[in-house]
Structures are given as structure tokens and as C-alpha cells.
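Structural overview
So you can see what is in the structure, the chains are spelled out below.
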Amino acid sequence: PIKLWLKVKGISYNDDDFDEQGLLTRNAAFQKGLEWNDLNSIISIQSLNLGVANETNNLYPFMIAATGDEMNLETLYHLAMYDPKLIYQQVQSFETKAPTSKKARNV
């Protein structure tokens, strides 16, 4: 049913976008640049968990959506706001890994 729905919506896809069960993969779903209403329908139909990072690249859905060639800003916003603490955790993680300067720079 997802392939037919994508075809009716005029959204291009290839066979690599689907798993063995015929479901749209998480990466494909988030990188298609879909409008929020369309992606939300897929999330509901396939029960995609938005609070879990991808097993292969450790990216959360909002991060995967940001890497797509046809990113939809409204969709990215809704994915990020699904669980704002994920953004906070990523910022905290980045700040702890970022190199620190021992001398203050005078500019």
C-alpha cells in the first residue's frame, strides 16, 4: 500500500527504499523531503519510532531528514520537536567533545 500511496502522491522511489516486508525504510522515509502531513501518515501506518537513532549511522530522524537533498523545513521542525531533549543531548555531547582553548583570545 505504501508504494501505491507514493505513486499517487507523485513521490519517486526505488526498490532500495523498501525492506523485505515492503515497508519504507526509515532513511528513505525521512530523506524524501516529504511534507509533514505525508510523512506523518507514513509514521502512523508503519509505526516508526521517532525517538530512536538509526542503528547504522546513529542519526535521529530529524538528523536524517536534514541530510536529504529535498529537505522540507516544516517536516524537519516537527521531527525535531517530537522530542526536543534529543537536540539538547546532541548539543551537550558536542560541547563535551569539542576542543577547548586554554588561553582566552583577545580580539
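The present account deals with the structure reproduced in this document. Computed from a predicted model, the values in this text were never measured in an experiment.

1. Quick notes on the overall build of the protein chain
The helix and strand tally for the protein chain stands at six helices and zero strands. Ordering the α and β elements of the protein chain from the N terminus gives α-α-α-α-α-α. For the protein chain, the C-alpha radius of gyration of 17 Å lies well beyond 13 Å, the compact-globule estimate for 107 residues. For the C-alpha atoms alone, the extent of the protein chain along its principal axes is close to 60 × 25 × 25 Å. Looking at the protein chain residue by residue over its 107 residues, the buried ones come to 32%. Taking the intrachain contacts of the protein chain between residues at least 6 apart in sequence as the baseline, contacts between residues at least 24 apart amount to 45%. Working note: accessible area of the protein chain is about 7,800 Å², and carbon and sulfur atoms make up 50% of it. Averaging the coordinates of the 10 positive side-chain charges in the protein chain and doing the same for the 13 negative ones gives two points 12 Å apart.

2. Looking at a nonpolar patch on the surface
A contiguous nonpolar patch, built from Tyr77, Met81, Ile87 and Val91 and spanning about 340 Å² of accessible area, is present on the exposed surface. Put simply, the parts of the chain that give the nonpolar patch at least two residues each are helix H5 (73-81) and helix H6 (85-97).

3. Here's the deal with the nonpolar core
With 24 residues, the main nonpolar core has Leu24, Phe30, Leu39, Ile43, Phe62 and Leu79 as its most contacted residues. Elements represented by at least two residues in this core include exactly helix H1 (2-9), helix H2 (26-31), helix H3 (36-46), helix H4 (61-67) and H5.

4. With respect to the side chain of Lys32
Along the chain, Lys32 turns up in the loop between H2 and H3. Judged by its relative accessible area of 19%, Lys32 falls in the buried class. Of the polar contacts made by the side chain of Lys32, one reaches the side chain of Asp17; its length is 2.8 Å. In contact with Lys32, not counting residues within four places along its chain, are Ile11, Ser12, Tyr13, Asp17 and Glu70.

5. Describing the packing of H1 against H3
Where H1 contacts H3, the two axes come as close as 12 Å, and the packing angle between them is 170°. The orientation of H1 relative to H3 falls into the category roughly antiparallel. Residues Ile2, Trp5, Leu6 and Lys9 of H1 touch H3, and the partners they reach there are Asp38, Ser41, Ile42, Ile45 and Gln46. Looking at the contact of H1 with H3, its residues break down into five nonpolar, two polar and two charged.

6. Quick notes on H3
For H3, the complete set of buried residues consists of Trp36, Asp38, Leu39, Ile42, Ile43 and Gln46. An end-on view of H3 places all buried positions within 165° of arc, on one side of the element. Turned more than 90 degrees away from the buried face of H3 sit Asn37, Ser44 and Ile45, all of them exposed. Taken from the residues just after H3, Ser47 is the one with a positive phi, measuring 55°.

What counts and how
- Residues numbered from 1 in each chain as written.
- Predicted model: local features only at pLDDT ≥ 70, side-chain atom pairs only at ≥ 80, totals over all residues.
- Heavy atoms only, no water.
- Helix = DSSP H or I, 4+ residues; strand = E, 2+ residues; numbered from the N terminus.
- Rg over C-alpha atoms; globule rule 2.2 N^0.38 Å.
- Buried < 20%, exposed > 50% of the residue type's maximum accessible area, 1.4 Å probe, protein only.
- Contact = heavy atoms within 4.5 Å.
- Areas by Shrake-Rupley, 256 points an atom, 1.4 Å probe, with all protein chains shown as cover.
- Lys, Arg positive; Asp, Glu negative; His and termini not counted.
- Charge placed at Lys NZ, Arg CZ, Asp CG, Glu CD.
- Patch = residues over 30% accessible without salt bridge, like charges linked within 9 Å, V, L, I, M, F, W, Y side chains within 5 Å.
- Salt bridge = Lys/Arg side-chain N within 4 Å of Asp/Glu carboxyl O.
- Core = buried A, V, L, I, M, F, W, Y, C linked by side-chain atoms within 4.5 Å.
- Polar contact = N/O pair within 3.5 Å; in protein donor to acceptor, adjacent residues only side chain to side chain.
- Axes fitted to C-alpha atoms, helices over the stretch in contact; angles between N-to-C directions.
- Parallel < 35°, antiparallel > 145°, perpendicular 65-115°, else oblique.
- Nonpolar A, V, L, I, M, F, W, Y, C, P; charged D, E, K, R; others polar.
- Arc of directions from axis to C-beta.

Spatial relationships are all this shows, so hold off on functional conclusions.
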